[in-house]
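Residue strings, one per chain:
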Amino acid sequence: CDTRYCLLAIYLHKKLLYTFIMQTNSEKKWAAFTHLSTLSQYCFPLGNYVFPLIIWASKKEDSQYVDYNGKQALNFQLSILLYTLILGAIIVPVFIAAFFNNIPFYELTQHRHFVIEEFDFGKNIGLISTGFIAVFLLVCLKIVEFFLIIQASIKTANGEQYSYPLTIKFMK
């Protein structure tokens, strides 16, 4: 091997390797940012859907890694929305039923100003317990969501494939 050609081959090999690493780092950053953008829900309504969708739609053609992680982030957010709606469908009627269970129907229809003098917890303990369990599950769901997003962004930034647990695959 001629020294000139060996040095040129080494240089081209390093340049190709450097280009590959830079592309991978760029992909990792965009994929991690896709996961982190779901935290925008705490600042902007529906930000946890809009921002990851914008990033995913603009970068999915450029990188399979960003495409995979964008789908993971959106599927997870849609799954959390579904779980939240189910818990909300339990919480709201339960507390409304527990409240109106202590007001006589006559008071509701005939008097515009009614006062609940005694709230009977004994009659409503099952409903109230169900409501508080659902509220507790909702709070736990949101706390777990926050930490799973952080974990996903860290693993994605390190180049690992991450799949959220208990996620329904809406987009495959």
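Bear in mind that the values here come from a model prediction, so they are computed numbers and not experimental data.

### Some points on the overall build of the protein
Here's step 1: Within the protein, the regular secondary structure consists of 5 helices and 0 strands.
Here's step 2: Going from the N terminus to the C terminus, the protein shows its helices and strands as α-α-α-α-α.
Here's step 3: Classification of the 172 residues of the protein by burial places 30% in the buried group.
Here's step 4: Total accessible area computed for the protein in this model is approximately 11700 Å², and 70% of it derives from carbon and sulfur atoms.

### Some remarks on the pattern of salt bridges
Here's step 1: According to the stated counting rule, one finds 3 salt bridges in the structure shown.
Here's step 2: Where E145 meets K142, a salt bridge forms, and the shortest distance between an N and an O atom there is 2.8 Å. With E145 and K142 both in helix α5 (residues 121–157), this residue pair falls 3 residues apart, about one helical turn.
Here's step 3: Using a relative accessible area of 0% as the deciding quantity, one classes E145 as buried.
Here's step 4: On the basis of relative accessibility, which here comes to 29%, the residue K142 falls in the partly exposed class.
Here's step 5: Between K155 and E160 there is a salt bridge, and its shortest N-O distance comes to 3.8 Å.

### Side note on helix α2 (residues 47–59)
Here's step 1: The end-to-end C-alpha distance of α2 is 18 Å, a good match for the 18 Å that 13 residues give at a rise of 1.5 Å each.
Here's step 2: All buried positions along α2 are accounted for by G47, N48, Y49, P52, I55 and W56.

### Focus on the confidence of the model for the protein
Here's step 1: Averaged over all residues, the pLDDT of the protein equals 83, while 77% of them reach at least 70.
Here's step 2: In the model of the protein, helix α1 (residues 3–36) stands out as the element of lowest mean pLDDT, 67, in contrast to α2, which has the highest, 92.
Here's step 3: Between residues 18–23, whose pLDDT stays under 50, and residues either more than four places distant or in other chains, the model counts 0 contacts.

### Focus: a nonpolar patch on the surface
Here's step 1: On the surface, L78, L81, L82, L85, I86, I90, I168 and F170 cluster together into a nonpolar patch covering about 640 Å² of accessible area.
Here's step 2: For L82, the position within the fold is in helix α3 (residues 64–100).
Here's step 3: Take L82: its relative accessible area is 34%, and that puts it in the partly exposed class.

### What to know about the packing of α2 against α3
Here's step 1: Where α2 contacts α3, the axes come no closer than 9 Å and their chain directions differ by 160 degrees. When the axis of α2 is compared with that of α3, the two are roughly antiparallel. In this structure, the crossing between α2 and α3 has a hand that is left-handed. Along the contact surface, α2 presents N48, Y49, P52, L53, W56 and K59, while α3 presents V66, D67, G70, K71, L74, Q77, L78 and L81.
Here's step 2: For the contact of α2 with α3, the per-class residue count stands at 8 nonpolar, 3 polar and 3 charged.

Each value, and the rule that gives it
- Residues numbered from 1 in each chain as written.
- Predicted model: local features only at pLDDT ≥ 70, side-chain atom pairs only at ≥ 80, totals over all residues.
- Heavy atoms only, no water.
- Helix = DSSP H or I, 4+ residues; strand = E, 2+ residues; numbered from the N terminus.
- Buried < 20%, exposed > 50% of the residue type's maximum accessible area, 1.4 Å probe, protein only.
- Areas by Shrake-Rupley, 256 points an atom, 1.4 Å probe, with all protein chains shown as cover.
- Salt bridge = Lys/Arg side-chain N within 4 Å of Asp/Glu carboxyl O.
- Expected span 1.5 Å × (residues − 1).
- pLDDT = per-residue confidence, 0-100.
- Contact = heavy atoms within 4.5 Å.
- Patch = residues over 30% accessible without salt bridge, like charges linked within 9 Å, V, L, I, M, F, W, Y side chains within 5 Å.
- Axes fitted to C-alpha atoms, helices over the stretch in contact; angles between N-to-C directions.
- Parallel < 35°, antiparallel > 145°, perpendicular 65-115°, else oblique.
- Left-handed = near helix turned anticlockwise from the far one by under 90°.
- Nonpolar A, V, L, I, M, F, W, Y, C, P; charged D, E, K, R; others polar.

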